[in-house]
Each structure stands twice: as C-alpha cells, then as structure tokens.
Amino acid sequence: MPYQLAGKNLPLDRPFKTAGTQFPSNWLRLSTAVDREAYGITFVEEGPSFDSRFYTGFDSDGNLVAKDLDELLAFYKREVNEIAGGLLSKTDWMVIRKADIGTAIPDSYVSWRQSIRNCNEAKITALSLITTLSELITYIDTVTTEGDASADYTYWPAEPAA
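One numbering rule holds for all chains: residues counted from 1, following each sequence as written. Local features in this predicted model are restricted to residues whose pLDDT is 70 or higher, and side-chain atom pairs enter the listing and the counts only when it is 80 or higher, whereas totals over whole chains, interfaces and linings include all residues. Values reported for side chains reflect all heavy atoms of the structure, with hydrogen atoms and water molecules removed beforehand.

1. What about the pairing of strand β6 (residues 55–58)?
Keep this limit in mind: Strand pairing requires that DSSP identify at least two bridges connecting the strands. Only runs of H or I of at least four residues qualify as helices and only runs of E of at least two qualify as strands under DSSP, and these elements are numbered from the N terminus.
Judged from the 3 bridges that link them, β6 and strand β7 (residues 64–66) form a sheet pairing that is antiparallel. Bridge assignment links F58 to a residue of β7, and that residue is L64. If you look at the hairpin formed by β6 and β7, you'll find 5 residues sitting between the two strands, and G62 has a positive phi there, around 85°.

Next up, the structure:
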C-alpha cells in the first residue's frame, strides 16, 4: 500500500512525523481513510509490474521494454557455469587427494561430478538454441519433475550421501 505525504512515500510499519505530531508504526494500518485525509496522506496506486529479469520497464506507450537477448543469454550461461563450478568445488579436494596420494574417489562422487558436467553442458546447449525472449523466459521458468537439465534450468543432480 503506497501512501504518500507531501509527495514522499510513507512505508507501512514505520513511525513518521508530520505537522508536529508523531505517529506510531502501526498508524497507517489502523487508520481510516478519513483519518489519513485529515493529515493530507493519500493512497497512490502502484503502476503495473514487470519481470525485471527480462525487462527494463515500460516505454511511453505502456509497452514492456525487453532487455537485450544476447546479453541475457550470456548472463544465464555465466550463471550456469558458476553454479556448476560451485557444486564441483565442494569435492575438488577428493580429486586433489587422489592426484597427491592416490586415494580413490568414491564411485558415487565420480558419477555425480560427471553428471554435474553433463548437466552444465545440457544447459549451455539449451541456452545456445534459444532465439527469442519468450523461449528464454519459458526455459528459465520451467520446472520439471523428471530432472531433465535441458528442459529445466533449475535442476542440478543431488550430491551423493557421504
């Protein structure tokens, strides 16, 4: 609920002062329209919202302004690589230990690490095939129950139990 006083926003649940009167944090919630009007407090309708992941806002005609598709694709490819790197880094010590002293990496972790790399590759490939913003939005927002990395941007294989 965006309330304003003299052109300034009054956030809910925050105390404020006007005309020498201090108001408690719950006053806007408990007051009536008549109470607020007596102090010159108005309710301002919020404008339409948009998904800031894909759009910068609205133009003067009220149409959504899309972000650059190539920049978005580059961003999501970087994000996928960073996530995969972060997941793999948790078990890099196993790879280093094997190289240093020959201690075997448990097969479940070898398989999991490879599945992370495969998943990363599938996501990068899926992103590379996207040609429109609507395709990108669908891919980023789709969640499957099958764990298909090429169809589900958010899916990553679970780390095996130790």
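2. Let's talk about the confidence of the model for the protein chain
Rule in force here: Along the chain, pLDDT gives the predictor's confidence residue by residue, from 0 to 100.
Across the protein chain, the average pLDDT comes to 92, with 98% of residues at or above 70. The secondary structure element of the protein chain with the lowest average pLDDT is strand β3 (residues 16–18), at 87, and the one with the highest is helix α3 (residues 69–89), at 98.

3. What about helix α6 (residues 133–141)?
In plain terms, the rule: Relative accessibility thresholds used throughout: buried, under 20% of the residue-type maximum; exposed, over 50%; partly exposed, between the two (1.4 Å probe, protein chains only). Regarding the arc, it is the one traced by the directions from the helix axis to the C-beta atoms. By definition in these notes, contact holds between two residues if any of their heavy atoms fall within 4.5 Å.
Among the residues of α6, L133, L136, Y139 and I140 are the ones counted as buried. Each buried residue of α6 lies within a common arc of 125° when the element is viewed along its axis, so the set occupies one face. Of the surrounding elements, those touching the buried residues of α6 are β6, β7, α3 and α5 (107–128).

4. Overview of unusual backbone geometry
Positive phi outside glycine occurs at D13, with the angle close to 60°. One non-glycine residue, A19, adopts positive backbone phi at about 50°. Tracing the backbone through its elements, the reader meets A19 in the loop between β3 and β4 (21–23). Classification of A19 as exposed rests on a relative accessible area of 71%.

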